[in-house]
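Structure at a glance
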Amino acid sequence: MYRVVFPAFLSLALGACSLGTVSPLSFGFGGAASPSSSKSASLRSSSVGLGGDPTTARTPPGRAPQVASAAHVDRAPKGSFDRAPSGALADRDYSATTLDAARARDLINAYRKSNGLKPLSLNPELSNAAKAHAKDLAKWDRISHYGSDGSNPWDRVKRAGYNAKVAAENVGTGQISFDEVLKGWKESPGHNRNLLMSDIDNLGIALVQEPKTEFKSFWVLALGARH
């Protein structure tokens, strides 16, 4: 059985999205937002909002990964991404924003251990998949689980050489630290389910910073298990 799960997480909330269907995106605000609560709201850069619960999609055996297309052609499905309003995060200080992948792994594993789950190991292929998507999000200054080449998380982990039987992705934009990202993921039911999946073995994580963008920071966590 093949499975891919990918909720989204932003400083400005994103609605749930899934393979096969494209959900409209909306900016929301505050704590763990449900689909009914992630409606338009005034922006405060100090607040963190979460998207709706994720949808699980199953990928049939033998599905070929999406092949990267021309670099300057945007193939992300219409309505599958959103952007930050101009200046929404301008008052946040990102000068100390960094990612220590080993520390991020340890924090995730400590959380999993407290819930009776096995630890995850860092995987270079998943890290490469996460990095590629973070770079793509930064290039287009948006939040999405679809790449500008039309790829989804399943495509990207397969493309990176990870022969997945299970794949999941959490995305964050605008957070100053991994602690802030992780706190939000824990408080969101959908993202939390990804962190606490029992049938995964590996993780990869990436951060790309681009001061000239509205979102500033782009975090991607890829989770999976091999065949």
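Residues numbered from 1 in each chain as written. Predicted model: local features only at pLDDT ≥ 70, side-chain atom pairs only at ≥ 80, totals over all residues. Heavy atoms only, no water.

1. Examining the overall build of the protein chain
The secondary structure content of the protein chain amounts to five helices and ten strands. Burial statistics for the protein chain: of 227 residues in total, 53% are counted as buried. A separation of at least 24 residues holds for 76% of the contacts in the protein chain among residues at least 6 apart in sequence. Summing over all exposed atoms, the protein chain offers an accessible surface of approximately 9,700 Å²; the carbon and sulfur share of this is 53%. (Helix = DSSP H or I, 4+ residues; strand = E, 2+ residues; numbered from the N terminus. Buried < 20%, exposed > 50% of the residue type's maximum accessible area, 1.4 Å probe, protein only. Contact = heavy atoms within 4.5 Å. Areas by Shrake-Rupley, 256 points an atom, 1.4 Å probe, with all protein chains shown as cover.)

2. Overview of helix H1 (residues 101-114)
An ideal rise of 1.5 Å per residue puts 20 Å on 14 residues; H1 measures up with 20 Å between its terminal C-alpha atoms. Taken as a whole, H1 has its buried residues at Ala104, Ile108, Asn109, Tyr111 and Arg112. The arc enclosing the buried residues of H1, seen along the axis, measures out at 160°, which places them on a common side. Structural note: H1 exposes Lys113 and Ser114 on the side pointing more than 90 degrees away from its buried face. In this fold, the buried residues of H1 make contact with helix H4 (178-187), helix H5 (189-195), strand E9 (202-209) and strand E10 (217-226). Backbone nitrogen of Ala102 and a side-chain oxygen of the N-cap are separated by 3.2 Å at the start of H1; the cap is Asp100. Once H1 finishes, Gly116 follows within two positions and takes phi at roughly 75°, a positive value. (Expected span 1.5 Å × (residues − 1). Arc of directions from axis to C-beta. Polar contact = N/O pair within 3.5 Å; in protein donor to acceptor, adjacent residues only side chain to side chain.)

3. Some thoughts on the nonpolar core
As a rule of thumb, soluble globular proteins bury nonpolar side chains together. Membership of the largest hydrophobic core comes to 22 residues, with the highest contact counts inside it found for Val157, Ala164, Phe215 and Val220. Of all the elements in the fold, those that place two or more residues in this core are helix H2 (124-140), helix H3 (153-159), strand E8 (164-173), E9 and E10. The biggest single contributor to this core is H2, with six residues. Of all hydrophobic cores here, the second largest spans 20 residues; its members include Leu120, Leu203, Leu221 and Leu223. (Core = buried A, V, L, I, M, F, W, Y, C linked by side-chain atoms within 4.5 Å.)

4. A word on the side chain of Thr97
One can find Thr97 in the loop between strand E5 (81-82) and H1. According to the relative accessible area criterion, Thr97 is buried, its value standing at 3%. There is a polar contact of 2.8 Å between the side chain of Thr97 and the backbone oxygen of Ile176. Discounting chain neighbours no more than four positions away, the residues touching Thr97 are Gln175, Ile176, Leu207, Gln209 and Trp219.

5. Regarding the pattern of salt bridges
Evaluated as defined, the whole model comprises eight salt bridges. Note that Asp106 and Arg105 form a salt bridge whose closest N and O atoms lie 3.0 Å from each other. A salt bridge links Glu125 to Arg226, with the nearest nitrogen and oxygen atoms 2.9 Å apart. Taken together, the residues span a long stretch of sequence, with Glu125 in helix H2 and Arg226 in strand E10 at a distance of 101 residues. With a relative accessible area of 22%, Glu125 lands in the partly exposed category. What makes Arg226 partly exposed here is its relative accessible area of 31%. (Salt bridge = Lys/Arg side-chain N within 4 Å of Asp/Glu carboxyl O.)

6. Considering the side chain of Glu180
Along the chain, Glu180 falls in helix H4. Among the residues examined, Glu180 registers a relative accessible area of 16% and is labelled buried. Among the polar contacts listed, one links the side chain of Glu180 to the side chain of Arg92, at a separation of 3.0 Å.

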